[in-house]
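# Results of the structural survey
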2 protein chains.
Amino acid sequence: MSKELVFGHQKPDTDTIAAAMAYSYYQNQLGYETEAVALGEPNDETKFALDHFKLAAPRVIETAANEVDKVMLVDHNEPQQSVADLDKVQVTHVIDHHRINGFNTAAPLYMNVRPYGCVSTILFEMFEEKHIDLPADLAGMMLSAIISDTLLLKSPTTTDHDKEAVYALAKLAGVDYEQYGLDMLKAGTNLAAKSDNDIVDGDAKTFEMGDLTLRIGQVNTVDLNDVFARQADLEKAMESLMSENGYDTFVLIVTNILNSDSDLLIVGKEADKVAQAFGKELGANKRINLPGVVSRKKQVVPPLTEALG
Amino acid sequence: MSKELVFGHQKPDTDTIAAAMAYSYYQNQLGYETEAVALGEPNDETKFALDHFKLAAPRVIETAANEVDKVMLVDHNEPQQSVADLDKVQVTHVIDHHRINGFNTAAPLYMNVRPYGCVSTILFEMFEEKHIDLPADLAGMMLSAIISDTLLLKSPTTTDHDKEAVYALAKLAGVDYEQYGLDMLKAGTNLAAKSDNDIVDGDAKTFEMGDLTLRIGQVNTVDLNDVFARQADLEKAMESLMSENGYDTFVLIVTNILNSDSDLLIVGKEADKVAQAFGKELGANKRINLPGVVSRKKQVVPPLTEALG
């Protein structure tokens, strides 16, 4: 059996890195020869987790076919989120928690997809099902991934599976998950080091709603003032991205991870209508406050789709 | 939780029926409310298995959205092999052993895909993983499915997983799998009752290779003469189907399930080249004999793709 590479999506987050490491370990225990790699450098939050558990970041690759014939995907299945030359290799395994979109294969394969908050939760259950022991450091990385994807189990994407995995992994890793999780999330919100473009667009996605092309970004913080002290500059960055890319409207979700509230900064066409989708009036500061809102997918996109259609 | 329907592909075979029944039972044990249904009546082989284990055939449906909002797919994922109104329901679960082709979802879901010889083997492992007991009759249907898909473990599609499942399921069902399996396979080869079109096209698939459109059918028998006594009529049926549907070449694989050999009946364009793809010269009877060949997917299509591709 020849070596296979295991990797997650582009712009890697903590789950994509942790899942590649954990799944590679799992497969190697079963007799495969695999290596966890990444499609980019770890972000500040992931670096904090790797440092805490004394693990090295996976090697970064640009292409796969120059090294291997076969690969395993974690935390994504859409080809445009994957390695550039995915069409030149065979995908033999997929572990994911996203919808299936544009993923086709020439041959049968292994796929384990579950609608959980985090891929590391699926992997935790797979280790249990096969009775494979998890080393403490790897358990710590998987714990970090679930905390990251579910914002410390507070996001509405959180399932009971994610909660049970967090409790068990925290024991294995030997950490207090609430204290450790807050420290890790804080480490990922070092906004002073980030450019205006990074803050508004680093995690942004595009949505077509009615006649509008909306760009919706999200950034986590422990103090909303850290973001809004720069509001004038952030608005400039949003305006530039809109005219460069043809977005009609730009929404930046600024989420306070300490109390699980968000402020939305809304610029461009129909900004009032965006605010009204949440039952709010847009203030002179172009912001609305949404207590309890932390999930773009579950709490921001659905009311907008409903209102703008 | 509202009721969901569980079903396999159109033109149901023993695996598609058994897998729907077994997965519905599995999900009901986990607290879902599901019903196994089918997209057509069971064939002779499946009827033999249902009768043997005293089980009723699943209800046949034409459409799903008139009954339910959500469905679970087994033994297929390609929309064109599924219920006609698949786009009007949400697929929440998929258990399959085929390649992924054209299957997209709007939301995350459960998918368990493994490259085994049979879906019932995947389900057998899932029952084990969740420690759910299998009733003897259901174990018998799943055993029948694996025997059918792997031709009594002789097809090259057979994996070690399929073998282990057969040994365990035969014990649970209380049958001698070799004797029972041969009886079941024989029951599926009652060719006297089948029309010429059924024999040549009942299980046929279309392949594009180079400039040629090939139609490749397959039929199982316990005596090649049962088929070739009708050769002149079968050739007429093949010629009609070719001119009606624009196939250039028609290959009928006639497989003797007792000794795991096949004769290929080849008509149309490049028939000599088709024979030569297997290192054979086409005789005056338009047939070639291929000892040990039983799998269209693994043993017939690859040499043809290589020679005509």
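Scope of this entry: the structure provided in the associated data block. Everything numeric here is computed off the predicted structure, so don't read it as measured data.

## Structural notes on the overall build of chain A
The secondary structure content of chain A amounts to 11 helices and 11 strands. The globule rule puts the C-alpha radius of gyration for 309 residues at 19 Å, and the 20 Å found for chain A is close to it. Nonlocal contacts in chain A, meaning residues at least 24 apart in sequence, comprise 63% of its contacts between residues at least 6 apart. Summed over all atoms, the accessible surface of chain A reaches about 12900 Å², with 46% contributed by carbon and sulfur. For chain A, the distance from the average position of its 27 positive side-chain charges to the average position of its 48 negative side-chain charges is 1 Å.

## So, helix 4 (residues 136–150) of chain B
Residue and element names in this part refer to chain B. Here helix 4 is 15 residues long and its end C-alpha atoms lie 21 Å apart, about the 21 Å a rise of 1.5 Å per residue gives. Of all 15 residues in helix 4, 12 are buried, a share of seventy percent or more. Inspection of helix 4 places L138, A139, G140, M141, M142, L143, S144, A145, I146, I147, S148 and T150 among the buried residues, and these make up the whole buried set. Close packing links the buried residues of helix 4 with helix 1 (14–29), helix 2 (44–52), helix 3 (119–129), helix 5 (160–173) and helix 6 (177–187).

## Let's talk about unusual backbone geometry
Residues other than glycine seldom take positive phi values, yet S260 of chain A does so here, at roughly 60 degrees. Even without being a glycine, L151 of chain B presents a positive backbone phi close to 50 degrees. Among the secondary structure elements, L151 of chain B is positioned in the loop between helix 4 and helix 5. For L151 of chain B, a relative accessible area of 12% corresponds to the buried category.

## As for the pairing of strand 10 (residues 261–268) of chain B
Residues and elements named next belong to chain B. Within strand 10, 6 of the 8 residues are buried, leaving the element largely enclosed by the surrounding structure. Pairing of strand 9 (residues 249–256) with strand 10 involves 8 bridges; the strand directions are antiparallel. Bridge pairing links T255 to S262 in strand 10. A loop of 4 residues connects strand 9 with strand 10, the two strands running antiparallel in sequence, and S260 in this loop sits at a positive phi of about 60 degrees. One ladder, built from 4 bridges, connects strand 10 with strand 11 (residues 287–290); its direction is antiparallel. Bridge pairing links L265 to R287 in strand 11.

## Section: the pattern of salt bridges
Scanning the entire structure with this criterion turns up 24 salt bridges over all chains. Residue K286 of chain A pairs with E235 of chain A through a salt bridge whose shortest N-O separation is 2.8 Å. Highlighted residues: K286 of chain A in the loop between helix 10 (271–276) and strand 11 (287–290) and E235 of chain A in helix 9 (residues 231–245), separated in sequence by 51 residues. Take E235 of chain A: its relative accessible area is 14%, and that puts it in the buried class. Of the charged contacts, one joins K3 of chain B and E35 of chain B as a salt bridge, the two residues approaching to 2.7 Å between their closest N and O atoms.

## Examining the sheet that holds strand 7 (residues 205–209) of chain B
Residue and element names in this part refer to chain B. Read across the open sheet, the 5 strands follow the order 7-8-9-10-11; overall the sheet is mixed. Looking at the sheet topology across the chains shown, the edges are occupied by strand 7 and strand 11. Strand-to-strand twist across the sheet, computed as the mean angle between neighbouring axes with direction ignored, equals 25 degrees. Relative to strand 8 (residues 212–221), helix 11 (residues 296–308) is tilted by about 155 degrees, and along the sheet it contacts strand 7, strand 8 and strand 9.

## Description of a negative patch on the surface
A surface patch of negative charge is lined by D211, E270, D272 and E281 of chain A. Accessibility expressed as a relative area gives 40% for E270 of chain A, which makes it partly exposed.

## A short note on the environment of T46 of chain B
All names here are of chain B. Inspection of the secondary structure puts T46 in helix 2. Spatially, the C-alpha atom of T46 lies 9.7 Å from that of T16, the residues being 30 residues apart in sequence. A polar contact of 2.9 Å, which involves the side chain of T46, links it to the side chain of T14.

## Overview of the relation of the copies chain A and chain B
Each copy superposes on the other: chain A lies on chain B with an RMSD of 0.1 Å after a rotation of 180 degrees and an axial shift of 0.1 Å. With respect to symmetry, the two chain copies, as superposed, fit the operation of a two-fold axis. No C-alpha of chain A approaches the rotation axis more nearly than that of N112 of chain A, which lies at 2.5 Å.

## Considering the side chain of T249 of chain A
Residue and element names in this part refer to chain A. Of note, T249 is situated in strand 9 (residues 249–256). T249 sits in the buried class, given a relative accessible area of 0%. Of note is the side chain of T249, whose polar atom sits 2.8 Å from the backbone oxygen of K269. When neighbours within four sequence positions are excluded, T249 is seen to be in contact with L212, T213, L214, R215, M242, I266, V267, G268, K269 and V274.

So, how was this worked out
Residues numbered from 1 in each chain as written. Chains lettered and ligands numbered in written order. Predicted model: local features only at pLDDT ≥ 70, side-chain atom pairs only at ≥ 80, totals over all residues. Heavy atoms only, no water. Helix = DSSP H or I, 4+ residues; strand = E, 2+ residues; numbered from the N terminus. Rg over C-alpha atoms; globule rule 2.2 N^0.38 Å. Contact = heavy atoms within 4.5 Å. Areas by Shrake-Rupley, 256 points an atom, 1.4 Å probe, with all protein chains shown as cover. Lys, Arg positive; Asp, Glu negative; His and termini not counted. Charge placed at Lys NZ, Arg CZ, Asp CG, Glu CD. Expected span 1.5 Å × (residues − 1). Buried < 20%, exposed > 50% of the residue type's maximum accessible area, 1.4 Å probe, protein only. Pairing = 2+ DSSP bridges. Salt bridge = Lys/Arg side-chain N within 4 Å of Asp/Glu carboxyl O. Axes fitted to C-alpha atoms, helices over the stretch in contact; angles between N-to-C directions. Patch = residues over 30% accessible without salt bridge, like charges linked within 9 Å, V, L, I, M, F, W, Y side chains within 5 Å. Polar contact = N/O pair within 3.5 Å; in protein donor to acceptor, adjacent residues only side chain to side chain. Least-squares fit on C-alpha atoms with pLDDT ≥ 70 in both.

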